Each structure stands twice: as structure tokens, then as C-alpha cells.
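# Structure assessment
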Amino acid sequence: MKELPKTYDFKASERKWKEAWEANKTYAFDRKSNKPVYSIDTPPPTVSGKMHIGHSFSYAHEDFIARFHRMRGKNVFYPFGTDDNGLATDRLVEKTKKVKAKSMKREDYLSLAHRTVQEILPGFIEDWKTLGMSCDFTNPYSTISEAVQKASQKGFLELHKKGLVYRKETPVSWCPHCQTAIAQAEFENVDMTSHFNDIIFKSGAEDLIVATTRPELLPACVGLFYHPADERYQHLKGSFAKVPLFGHEVPIIADETVAMDKGTGLMMCCTFGDKEDIEKWHKYDLPLRVVITKDGRMNETTGTYAGTTLKEARNAIKEDLEREGLLISSKPITHPVNVHERCGTDIEFLNTYQWFVNVLDHKQALIKAADDIDWHPPHMKTRYVHWVENLNWDWCISRQRHFGIPFPVWYTNDGDVILPREEQLPIDPLTDRPAGHQGELIPEHDVIDTWATSSLTPQLALGWADNNPLFKKAFPMDVRPQAHDIIRTWAFYTITRGVYHEKKAPWKHIMISGFVLDPKGNKMSKSRGNVINPQDVMDKYGADALRYWAAGSKLGDDQPYMEKDVQTGAKTVNKLWNASRFALMQLADYDGTKPKALLATDKWMLSKLQRIIKESTATYESYEYAKAKSLVDNFFWNTFCDHYLEIIKDRIYNPSTRGEDAKRSAQHALHRSLQTILKLFAPIMPYVTEEIYSYAYAKDEKDSIHTSDWPAYEEKLMDEAAEQSGDALTEVVNHVRRKKSEANVSLKTPVTTLALPRALQKALRPVEEDLKAVTNAQTITYEGDELAIELGEQEKK
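Quick summary incoming for the structure in this document.

About the criteria used
Residues numbered from 1 in each chain as written. Predicted model: local features only at pLDDT ≥ 70, side-chain atom pairs only at ≥ 80, totals over all residues. Heavy atoms only, no water. Helix = DSSP H or I, 4+ residues; strand = E, 2+ residues; numbered from the N terminus. Buried < 20%, exposed > 50% of the residue type's maximum accessible area, 1.4 Å probe, protein only. Contact = heavy atoms within 4.5 Å. Lys, Arg positive; Asp, Glu negative; His and termini not counted. Charge placed at Lys NZ, Arg CZ, Asp CG, Glu CD. Pairing = 2+ DSSP bridges. Axes fitted to C-alpha atoms, helices over the stretch in contact; angles between N-to-C directions. Salt bridge = Lys/Arg side-chain N within 4 Å of Asp/Glu carboxyl O. Parallel < 35°, antiparallel > 145°, perpendicular 65-115°, else oblique. Left-handed = near helix turned anticlockwise from the far one by under 90°. Nonpolar A, V, L, I, M, F, W, Y, C, P; charged D, E, K, R; others polar. Arc of directions from axis to C-beta. Core = buried A, V, L, I, M, F, W, Y, C linked by side-chain atoms within 4.5 Å. Phe/Tyr/Trp six-rings, centres within 6.5 Å; stacked < 30°, edge-to-face > 60°. Lys NZ or Arg CZ within 6 Å of the ring centre and 35° of its normal. Polar contact = N/O pair within 3.5 Å; in protein donor to acceptor, adjacent residues only side chain to side chain.

Along the backbone of the protein there are 24 helices and 29 strands. Overall size of the protein, expressed as C-alpha extent along the three principal axes, is 110 × 65 × 45 Å. When the 797 residues of the protein are sorted by exposure, 56% land in the buried category. Relative to all contacts within the protein whose residues are 6 or more apart in sequence, the contacts with residues 24 or more apart total 78%. Here the protein holds 105 positive side-chain charges and 113 negative ones, and the gap between their average locations is 4 Å.

Here it is, written out as C-alpha cells:
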């Protein structure tokens, strides 16, 4: 065996192995293999800049599982794709190129966006390679590529054929900043400060007080509502009220959904402030008063307020109300507001034509599908079920943007929908025509929302659109890894597409990671200045150290970023290197010959090792990588380094006194133990384990530790008697070390007499020679019930 260098250069090693794995296609999926397939529905990261600390955290989790199953003999299908047709990519292009998509010609912006994505992608993907991801990077997919456009459009055609999508003019959630419709799943609830304004409406000569946080919607008011049991307003039934400042009259209507204890008990219905407005507008067939433009300004129907932003209009209208004596009070409040998760802009509701996927009629089927998936951790299933149960709207999948996958749709002048043949896909209705149709057609200008495309990631990766046989073989996929914040989007949408297209859940398992928080437990954000860049961490401590930190968190748990934990990872990397270097030096003359008989201490080591193999294997199979890491970590530091390496030194150093067989017994157990420890650590710390393995084991086994066999549990090596002896041995060693430390003497100081309890005699007899050597004891006796030591000539520390 080659001797390891004195120190480990993680930068050189990580660079070397990253290049070697790619050149050797170490992680490439073998389509000709007969091994069982283990398929992973890899999250395609959004191309919006660079990898952030949350990426490195959750992607490390899935990679632990991928590496484990690969070593278990599976043909791991672990594709890598990028989500590069969404709003986040749009924002990146606009920021990078200093342009506005809405102000450019469609064809010019599309050309610029495609070029920009291609410029960014190589560097963007490199972060994932540096982290040590064992994805198959040989055939990556992009959600804006022609192949994916074909699959996304095919999926739309199939849903249309099944009657599961429809187009309708209806109030939809709208982001004025992004100027597009958005889905309910893209809402984020944020507490904001505002004012509860008590405003006077007139009903004849009577003043009616209405409380609202949105006076800018007064011109859109179409009705006032009260609860039918509210005695204060019974006399108003069938009456009308005049809207302040704007002067139009609206009906006063009784409705049981009005909260009598909210505000004054009178509710203003506008088109549209929230879903309650939408519901009442539909229910009572109220008129439509549109006052907000698509970019979030007041329109020409609002008179002097036209062209102002909603915030400006709110303040101006309040001032005018106060001047007219129509504003009784304005009380500051903090209340939850729905904002667009992508940009933080308050969500509005505009009446527009949009495409929807029908989900409200199929809630029970979508909930039932969750029962066919093993959720890790299990309680995350409840989040999914609650989300589906509380859905209020169908899934809006159309977006008013340039950059995206076009809907394969045209309309006749009568509004009939015209679709292309599947063999024409991918197709752009703005430049192409459907085969077999003559005459004037109106092309659809909207694009398919990126979630509607990324909800097909199992189909995209497995070649569904091209009838690839791998799809039938590997669908449903084995596991979907993702974070808990996108259960309501990516998980829900993908389950929906699995049920709608294949009548089954898209995966057998789902593993859900938590968030990364700052050391104080706060969410990381640029505005707070508490963001940690994983690139900086890996440059300072190495990817293995960062992965070690990530492995400390169970699935589903949020984890604060603590640099000391990464430092512990770096220390573990160095400890593994140094311990391996020492072990390999002791194995320099070991030829693999088995000893005639194993000594009790070596049996103890190998028996303990079997327990760790068995438990680690079971925990990885259960997606509990954090428990596996803890087990191996504790075994390595305590059992292997603190005890076993120290105990066997004398036998290896002094074969003339202890005998060659005693040395060979130690070398055999040391060789097997180190090899096993490296493999157990390999999923967590792939770089340092590969480096050590290449020196010690590669020539006799596989070229890479990551394609070698996972350690097999061997029942025959379990030895209860040896474990009792070894445990008693380490207990005594700990006691002697503690006594020497208390006496402030060197651990090498001789022990003249080591008096042990009689109760330990049976257990310690088989390991007595090792006990003498490691404690430097001259005499061992068994008497009484207490452990006592008499130190010889002291060697000061």
C-alpha cells in the first residue's frame, strides 16, 4: 500500500476527483445494465444566479441517498436538469442585461434570454459539481430545451383531450410587478403594517360607517354586505348606498358569510380586493368595475387618480376623504397580506382570460395518491393533505410573458380552440400553423407556467414524450427529494400530473429537507445581510466539511448555519486522513494473509463494526442519513481512533514479544475496519474517502469507492463474548487515562499495579495482554469490588 502524504490538501483533491469522476463517467447511468434501477426525480434548480446555502443543504441530503444506493449495487438514475424558463430566470436576464422584457420585441427578447441562459449555465452547474453531487451530468436537461417543450406541450394536449384543462375569463391572482397571472401556490403570507379606515357611505340621509384597509378600491365598489342576523342593519335591506368621492350607488345585501364582529359589520365588496369579493361578485351577479391596470396603477375610470400607483392612490383618496369629512378614523394595524413569492409584490385580482387545470373536482383522488407515497418525515404528508383540502381555485397555468414554452393553441374568430397534431411538437403558434387548418387563426400569446412544465420532471427525465422504454421501467420513480416550502407547488403539481397522466403517484418515496437559518434562527435573506455563500464555505473548509454539516440535520428539520459545525466537519476530514495514514503505515507489510486465529480485541472490533454496518444500512434505507452519520462518526472517533488504534499499537510495533500471529490478527482487523469506515463515510464525505481509497484499496477492488460494494453485514463475525471483553477493556482504559490526567502525568507513565474488580476477571482475561500494553501496566490483579491503580515513576506532561 502506498503511504499517504503527511497532510491532506482538500482543494487539490476535490479538484482532481471532480475532474476524474466527470472524465471517467463514474456516475453515468448505464442503460444496458441488468442491475435494479434506483431512480431519483432530481430537483432542477432555478437558473437565477448561483447556488445558495439552502441548495447545498438539501442537495447534499439527496446525494447521500444516491451514493448509498449506488454502493448497494443499484443502477442509479440520477439526472440533472435546470429550470430556466421561469420568472426567476426572466428577472436574472433583465438584471444581467439591463433590459425590460415587456419593452422589447418578443423575438428579440427570446433570442437574448436563450443566449444569456447558455452563458450562465456552465458556471451555474459547476457549483453542484463542486459540492460533490453524483448526478449524471452527461445528459442534462433544460426546461426551455426543444425536447422539454415537446413534452410540456404533449402534456397539455393530453390534459385537453381528457377535459382536464379549460380557458376562462375570470378574476385571477395577478402580480403587477411581473405583470402576469400567478397560481395560488405562489402566494406568500407576509405581515404588513397598514390602517383600518372608517369611511362614511350615505344611504339616503343616513351615514353608514364601513371599515377598510383599501380605500383605493372605492371606485371599484359594487356592493355593501351585512350579516342577516345583525340587528343594526336590518332596516337597510333592499336599500342602496352612495360611494364616497365617486358618487355611484351600490346595493346593500345581507349575506351569512359577513363577520359581524369585524370592523363595523358592514363589508365593502369591490372588483376585486380578495377572494371574498370574487365569491360575492359571482353569487349576486354584481357589475364589474375595473379600476386597476395590469402594471398596478389606477386606470382612466378613476378620474384625477388615473396613472397613480395603488399606494399613491390610497394616500390621495384618504386625504380627499378627510377633507370632505368622510374619514372618521384611521387606525394603524398589522395584518397578513398575500404577496407574490418571487418578488414580494402585493397580489391583486384582475378579470382576464387564463388557462386552468381542473383540480378542485379531483381533490379526493389527489389526496388518495399521497397514501401511495412513503413520506420522509411522515408528518410532511399532513402539510400536503391540508393544502389540497383548502384549495379555493383551480390551477392557473398561463403566464403573460415572452420567455417560456408556448401554448400549442390557436383560436378561430368564433373563439373555438384549435390544436396541432402531436407530431408537430414542439410548435410556436406565433410563427407556425396547425396542420390541416386554413383560414384566419388567432395565435395564443401566453406561455405555459414553468411549474406546469417542471411538474413533469419524472416524464422529462425518463423520456416519456419519446416513448423511451425507461419510462415504463422506472415510473413511478423511487424518490423525489425537495424542500418543504414547495410541497404546495412542486410536490402537489407533480402528483397531479402523475394522477392525471398515469393514474398513479409519480414516486414511491418523497424526502423533504428543511430550511437553512442564520445562527440566531432567522430566515436568511439579502435584505437582512445574513446570507452565507456556500462557495465561500467550500473554498475555506472544503465540500466534504460542508456536506458533513448538512448531514447533521434530519429530514424536515430547519437547521441554523453554525460555522463551528462546518469546522467540526473539517476536523473530521483531517482526523480521517491522519488515522488512515497511521493505519496504512502499519499495514505496509500486510499481504492480506488471514491470521490463524483472531485475538479477542480484534474480534471485539469486527463485531462492533458489524453492528454499525447493520444499523447504518437500515437507517440509510429509511432515509435517515443523519442517524447513519452520527453512528459512523461516533464509532470512528471513539471506538476506532480513541481505543482500537491505541490498543493494537504494541502488537504491531513489537511482534518479537507479542508474536507474528498477534500482529497479523491486528493487521487483518485494521485493514477491514479502515476499509469499512471509509465506505460508511463515503456518501457523506466523497472526496477524502475517494482519495484515501485510491491509495489503499482501489488496486484490489473497484476504481472508485463510490462504485464499490457497500459493506455487508456478516452474522458470523458477531461475538458477544468478545464484545464484553472489549467493552470491559475500554472501560478500564478510560478509567486509567482519567486517573493519569487527574495526576497531571503523561499517559505513558507506568502503572505499577492495576487492581481490578473480580467481577471483570472473566471478561478481561482474553484481552489482558492488550490491557497491559495500552495502560503500561506492570501487574494486573483481580481483588475486591473497586478499580484501583498505583502509578510508577511519573513522567510529567
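The rest of the description comes next.
Further remarks concern the sheet that holds strand β15 (residues 374-376). Ordered in space as β15-β24-β23, the three strands form an open sheet in which the pairing is parallel. Pairing within the sheet leaves two strands with one partner each, and these edge strands are β15 and β23 (477-483). Strand after strand, the sheet turns through a mean of 15° between neighbouring axes, direction not considered. Note that β15 and strand β24 (residues 507-513) share three bridges and pair parallel. Looking at β24, one finds that Trp375 is bridged to Ile510. In the packing of helix α13 (residues 487-502) onto the sheet, the strands contacted are β15, β23 and β24, and the crossing angle to β23 comes to about 160°.

With that settled, the discussion passes to the pattern of salt bridges. Using the criterion set out here, one finds 51 salt bridges in the structure. The residue Arg232 makes a salt bridge to Asp230 at a minimum N-O spacing of 2.7 Å. Assessed through its relative accessible area of 43%, Arg232 is described here as partly exposed. For Asp230, a relative accessible area of 4% puts it in the buried group. Residue Arg399 pairs with Asp449 through a salt bridge whose shortest N-O separation is 3.2 Å. Residue Arg399 is found in strand β17 (residues 398-399), and its partner Asp449 is found in the loop between β22 (447-448) and α10 (450-454); the two are separated by 50 residues along the sequence. Each member of the pair Arg399 and Asp449 is classed as buried. Among the charged side chains, a salt-bridge network with shared partners connects Asp602, Asp650, Arg651, Arg658 and Asp770.

Here we take up the packing of helix α15 (residues 543-550) against helix α16 (residues 563-586). In contact at an axis separation of 8 Å, α15 and α16 are set at 120° when each is read in the N-to-C sense. One finds that α15 runs oblique with respect to α16. Handedness of the α15/α16 crossing: right-handed. Counted together, Asp544, Ala545, Leu546, Tyr548 and Trp549 of α15 and Asp565, Val566, Thr568, Gly569, Ala570, Thr572 and Val573 of α16 form the full contact between these two elements. Looking at side-chain class alone, the contact of α15 with α16 contains seven nonpolar, three polar and two charged residues.

Attention now moves to helix α14 (residues 534-541). Listed as buried for α14 are Pro534, Gln535, Val537, Met538 and Tyr541. Considered in projection along α14, the buried side chains sweep an arc of 160° and stay on one side of the axis. Next to the buried residues of α14 lie α1 (10-24), α2 (53-71), α4 (106-131), α15 and α16. Trailing α14 by a residue or two, Gly542 shows a phi angle of about 100°, which is positive.

If you look at the biggest cluster of nonpolar residues, it comprises 177 residues, and the most contacted ones within it are Tyr384 and Phe640. Considering each element in turn, this core owes the most residues, 13 residues, to helix α18 (residues 625-653). In contact with Phe640, other than residues within four places in its own chain, are Ala579, Met605, Phe635, Leu645, Leu670, Ser673, Leu674 and Ile677. Listed in part, the 36 residues of the second largest apolar core include Leu208, Leu236, Val291 and Leu326.

Okay, the pairing of strand β7 (residues 187-203) next. Looking down a regular strand, the side chains alternate between one sheet face and the other. As judged from the 13 bridges shared by β7 and strand β13 (residues 327-340), these two strands associate in the antiparallel manner. Across the sheet, residue Val190 finds its bridge partner in β13, namely Val337. Relative to strand β8 (residues 206-212), β7 is paired through seven bridges, and the arrangement is antiparallel. Bridging from a neighbouring strand, Asp198 pairs with Ala211 of β8. Connecting β7 to the antiparallel partner β8 that follows it, the hairpin turn spans two residues, and Gly204 within it adopts a positive phi of roughly 65°.

Applying the stated criterion across every chain yields a total of 34 aromatic pairs. Geometrically, the ring pair formed by Trp21 and Tyr687 is stacked, given 5.0 Å between the ring centres and 25° between the ring planes. Pair noted here: Trp21 is in helix α1 and Tyr687 is in helix α21 (residues 686-696), with a separation of 666 residues, a long-range link. This pair shows no difference in class: Trp21 is buried, exactly as Tyr687 is. Taken together, Trp375, Tyr384, Trp395, Trp451, Phe492 and Tyr493 form an aromatic cluster joined through their ring pairs. The residue whose ring lies beneath Lys129 is Phe137, and the NZ or CZ to ring-centre distance is 5.3 Å. In this arrangement the basic side chain of Lys629 is found over the ring face of Tyr548, its NZ or CZ atom lying 3.9 Å from the centre.

When we look at burial in helix α24 (residues 768-775), the residues that qualify are Glu768, Asp770, Leu771, Val774 and Thr775. One side of α24 carries all its buried residues, which in axial view fall inside an arc of 160°. Phi for Asn776, located one or two positions after α24, is positive at around 60°.

Locating Asp394 in the fold gives a position in the loop between α9 (380-389) and β16 (395-396). Buried Asp394, no salt bridge; nearest opposite-charge side chain is Lys168, N-O distance 7.5 Å. A polar contact is formed between the side chain of Asp394 and the side chain of Tyr166, at a distance of 2.6 Å. Residue contacts for Asp394: discarding those within four places in its chain leaves Tyr166, Phe356, Val357, Asn358, Val359 and Leu360.

As a further point, take the environment of Asp785. Along the chain, Asp785 turns up in the loop between β28 (780-782) and β29 (788-791). Overall, Asp785 belongs to the exposed group, its relative accessible area being 70%. Residues Asp785 and Leu760, spaced 25 residues apart in sequence, show a C-alpha to C-alpha distance of 9.3 Å.

It is worth spelling out the sheet that holds strand β6 (residues 180-181) at this point. Strand order across the open sheet formed by four strands is β6-β5-β14-β16, with antiparallel pairing between neighbours. Strands with a single pairing partner mark the edges of an open sheet, and in this sheet they are β6 and β16. The pairing of strand β14 (residues 348-357) with β16 spans two bridges and is antiparallel. Its bridge partner being in β16, Phe356 is matched across the sheet by Cys396.

The bulk of non-glycine residues show a negative phi, and the bulk of peptide bonds are trans. Here His376 and Pro377 are connected by a cis peptide whose omega angle stands at 0°. Tracing the backbone through its elements, the reader meets Pro377 in the loop between β15 and α9. Here the amide bond leading from Leu425 into Pro426 is cis, since omega sits at -5°, within 30 degrees of zero. Tracing the backbone through its elements, the reader meets Pro426 in the loop between β20 (417-418) and β21 (442-443). Residue Gln179 is not a glycine yet carries a positive backbone phi of 55°. Tracing the sequence through the fold places Gln179 in the loop between β5 (165-175) and β6. What makes Gln179 partly exposed here is its relative accessible area of 26%.

As for its position among the elements, Asn197 is in strand β7. By relative accessible area, Asn197 is classed as buried at 1%. Here Ser330 takes part through its side chain, which lies 2.7 Å from a polar atom of the side chain of Asn197. Filtering out sequence-adjacent residues up to four positions away, Asn197 remains in contact with Val210, Ala211, Thr212, Thr213, Pro215, Lys318, Leu327, Ser329 and Ser330.

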